[in-house]
Amino acid sequence: MRRILIVALCTWLAFRAYAQDRPNVLIIVADDLGWNDVSFHGSEISTPEIDSMALSSIILDRFYVTPICSPTRAGVMTGKYPNRFGMRYGVCSPTTINGLPDGEKTIADGFEELGYPNRAAFGKWHLGHSNVKYHPLNRGFNYFYGHYNGAIDYFTHKRDAEVDWHRNYESVHEKGYSTDLITADVIRYLAQVKGDGPFLAYVAFNAPHSPMQAKQEELERYGYDPEIGPRDDYPVGGQQTGERERDVYGMQGRGNDLRQTYSAMVSSMSQGFGQIIDYLKEEGLFENTVIWFMSDNGGTYRFGGDNKPLRGQKHTEFEGGVRGVSFIKPAHFKGDISSVDQVTSYIDILPTAISLVGGKPIAGLDGIDIQPALTGEQLPHRYLYLGNNALVSDNWKLVQGELFAIAADPNETVNVAPAYPDTLISLTHRVKELSEMDQGEYIFQPEGWLPPKDWKMETD
């Protein structure tokens, strides 16, 4: 028995030592960031921190997501199309009952199996809040700080008149701008776990998603004049029918106009991103950390976003809705390649991240390991399903019955279906086959339902 215990202890110590040397993984998600909302794409918005990191990483020039929030996050978590479990065509709104099915393994589960002792989720969850089974701590993470719903008030942290701000299972009542609070807690956490093994940190900023709220010092960088107040009656955003406290929700931090407010929100998010990167560099963690930045979908013009020159916006499968800003820095990156113009996707994050830290391929995923593309190799040909009878490949895109030679026409200006009838027929059959995976739907609370105090999740 003693011999068995010694062998078991030695095996555990060897495994832990092996895990200690593995890279850290940092995934940062921006919320509703448009294609033309970062400086390195030519935007007037100041994002020097994001730009600097992007230009020293590998820019994923054709990185596809879903056109709305929760489905993209579900795909990031599982490596699967959210269509397979009823999460593609909608979001986890305040009245939603279901969420990411508890039978689906997440990226955090995968990293736990690889021996990662530190697995944290920060910011916007948006994958279920009606029951504790949907909580991040029950989905493979062992630390959580942030909010369950989307579209919380940036200053009061409320949604439908209840505070939606939490550390692990407990509600937290604290003051501050949500972007800044998320940033500070990420840095605090990384300092706390430093030296205790590698980490997986999933940081989902709620910026620049509505409600449209910015800090005054950031508004002033964009010419804010407090004497005149808002010059146009731009929307608050985030409200649902019957939402309480509509007179105060989202009203703090409104600039003179929509784009000014949105720009200030993006700049704050960029600064938070930069502070996290600076911490990694200062503490000697940067080189051994995989960093993946992405937007969950395209911007929406109604709330200040800009996707030019791409066509479309959030809620559409045109490029402006599903082609997201993204870049990746592998651990110990030498700068051998600066961009990838092949099709990559949100569902590729899980298999790629697992591969980049030395894990074995996981069967049954829709996403693929894009690591070969990061070294200049060609990925296998594939058709990426975008939902709503839309798909994209390296050369073609089918959306709303129109066919585009997407590699040559990324702005989707010319429908070439009349010139390529055989391709149209082939892709129409292909998308019909793919659409057979669509199943399930969101389930909602009855009319008149009110959220629990501080959005405390129910237990079975």
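Anything mentioned here points back to the structure above.
Now for a look at the structure at hand. (Residues numbered from 1 in each chain as written. Predicted model: local features only at pLDDT ≥ 70, side-chain atom pairs only at ≥ 80, totals over all residues. Heavy atoms only, no water.)

Of the pockets and cavities examined, the largest pocket occupies roughly 460 Å³. Lining the largest pocket are 25 residues, and of these Ala151, His209, Ser210, Gly238 and Lys314 sit closest to its centre. Grouping the constituent residues of the lining of the largest pocket by class yields 8 nonpolar, 12 polar and 5 charged. Considering only enclosed or pocket space, the second largest pocket measures out at about 220 Å³ in volume. Forming the boundary of the second largest pocket are 15 residues, of which Lys105, Gly110, Glu113, Leu350 and Ile362 lie nearest the centre. (1 Å grid on protein atoms, 1.4 Å probe; cavity = no way out; pocket = protein on both sides within 12 Å on 5 of 7 lines; lining within 4 Å. Points joined across faces, edges and corners; volume = space filled by probe spheres on them. Nonpolar A, V, L, I, M, F, W, Y, C, P; charged D, E, K, R; others polar.)

Here we come to the packing of helix 2 (residues 48-55) against helix 7 (residues 258-282). Across the interface, helix 2 lies against helix 7 with an axial gap of 7 Å and an inter-helix angle of 55 degrees. Put simply, helix 2 runs oblique to helix 7. Residue-level contacts link Pro48, Glu49, Ile50 and Met53 of helix 2 to Met269, Ser270, Gln271, Phe273, Gly274 and Ile277 of helix 7. Of the residues belonging to the contact of helix 2 with helix 7, the class tally is 6 nonpolar, 3 polar and 1 charged. (Axes fitted to C-alpha atoms, helices over the stretch in contact; angles between N-to-C directions. Helix = DSSP H or I, 4+ residues; strand = E, 2+ residues; numbered from the N terminus. Parallel < 35°, antiparallel > 145°, perpendicular 65-115°, else oblique. Contact = heavy atoms within 4.5 Å.)

What follows concerns the packing of helix 5 (residues 178-193) against helix 7. At their nearest, the axes of helix 5 and helix 7 sit 9 Å apart, and the two run at 10 degrees to each other. For the element pair helix 5 / helix 7, the angle class is roughly parallel. Contacts between helix 5 and helix 7 involve Thr179, Thr183, Val186, Ile187, Leu190 and Ala191 from the former and Ser268, Met269, Gly272, Gln275, Ile276, Tyr279 and Leu280 from the latter. Partitioning the contact of helix 5 with helix 7 into residue classes produces 8 nonpolar, 5 polar and no charged.

Moving on to the side chain of Asp185. For Asp185, the position within the fold is in helix 5. For Asp185, a relative accessible area of 4% gives the class buried. A distance of 2.6 Å separates a polar atom in the side chain of Asp185 from a polar atom in the side chain of Tyr143. In contact with Asp185, not counting residues within four places along its chain, are Phe122, Tyr143, Tyr145 and Arg167. (Buried < 20%, exposed > 50% of the residue type's maximum accessible area, 1.4 Å probe, protein only. Polar contact = N/O pair within 3.5 Å; in protein donor to acceptor, adjacent residues only side chain to side chain.)

Across all of its chains, the model carries 2 cavities of 30 Å³ or more by this definition. Here the largest cavity is characterised by a volume of approximately 60 Å³. Taken together, Gln342, Val343, Leu379, Pro380, His381, Arg382, Ser393 and Asp394 form the lining of the largest cavity. Of the residues assigned to the lining of the largest cavity, the class counts are 3 nonpolar, 3 polar and 2 charged. If you add up the space inside the second largest cavity, you get close to 40 Å³.

In space, the 4 strands of this open sheet follow the order 16-17-18-19, with antiparallel pairing throughout. Lying at the two open borders of the sheet, with one neighbouring strand each, are strand 16 (384-387) and strand 19 (402-404). Adjacent strand axes in the sheet meet at a mean angle of 20 degrees when their direction is disregarded. Packing of helix 10 (residues 421-434) onto the sheet brings it into contact with strand 16, strand 17 (390-392), strand 18 (397-399) and strand 19, and relative to strand 17 it is tilted by some 110 degrees. (Pairing = 2+ DSSP bridges.)

Another point: the sheet that holds strand 10 (residues 199-204). Overall, mixed pairing links the 10 strands, which are arranged 9-8-5-4-10-1-11-13-2-14 in an open sheet. Each edge of the open sheet is held by one strand with a lone partner, namely strand 9 (170-171) and strand 14 (339-340). Sheet analysis places strand 8 (residues 166-167) next to strand 9, joined by 2 bridges and oriented antiparallel. For Arg167, the partnering residue across the bridge sits in strand 9 and is Glu170. Helix 5 contacts strand 4 (118-124), strand 5 (143-147), strand 8 and strand 10 of the sheet and is inclined by roughly 175 degrees relative to strand 4. Across the face of the sheet, helix 9 (residues 349-356) comes into contact with strand 1 (24-30), strand 11 (289-295) and strand 13 (326-329) while running at roughly 170 degrees to strand 11.

The end-to-end C-alpha distance of helix 5, which contains 16 residues, comes to 23 Å, matching closely the 22 Å that a straight helix rising 1.5 Å per residue would cover. Within helix 5, burial applies to Ser178, Thr179, Leu181, Ile182, Thr183, Asp185, Val186, Tyr189, Leu190 and Val193. Next to the buried residues of helix 5 lie strand 4, strand 5, strand 8, strand 10 and helix 7. Directly after helix 5, the chain includes Gly195, whose backbone phi takes a positive value near 85 degrees. (Expected span 1.5 Å × (residues − 1).)

Our next topic: the pairing of strand 13. Judged by which residues are buried, strand 13 turns out to be covered on both faces: Ser326 and Ile328 on one side and Phe327 and Lys329 on the other are all buried. The sheet contact formed by strand 11 and strand 13 spans 4 bridges and is antiparallel. When the bridges of strand 13 are listed, Phe293 appears paired with Phe327.

In this section: helix 9. The buried fraction of helix 9 is high, at 7 of 8 residues. Among all positions of helix 9, only Ile349, Leu350, Pro351, Thr352, Ala353, Ile354 and Leu356 are buried. Positive phi appears at Gly358, one or two residues downstream of helix 9, with a value of about 95 degrees.

Moving on to the nonpolar core. With 75 residues, the main nonpolar core has Leu60, Ile107, Phe111 and Tyr202 as its most contacted residues. The leading source of residues in this core is helix 9, at 5 residues. If sequence neighbours within four positions are ignored, Leu60 has contacts with Trp292, Gly324, Ser326, Phe327, Ile328, Val340, Thr344, Ile370 and Leu374. (Core = buried A, V, L, I, M, F, W, Y, C linked by side-chain atoms within 4.5 Å.)

Below, the discussion takes up unusual backbone geometry. Along the chain, Ala207 connects to Pro208 via a cis peptide bond; the corresponding omega equals 0 degrees. Following the sequence through the fold, Pro208 ends up in the loop between strand 10 and helix 6 (216-221). The backbone phi angle of His332 is positive, close to 55 degrees, even though this residue is not glycine. Among the structural elements, His332 can be located in the loop between strand 13 and strand 14.

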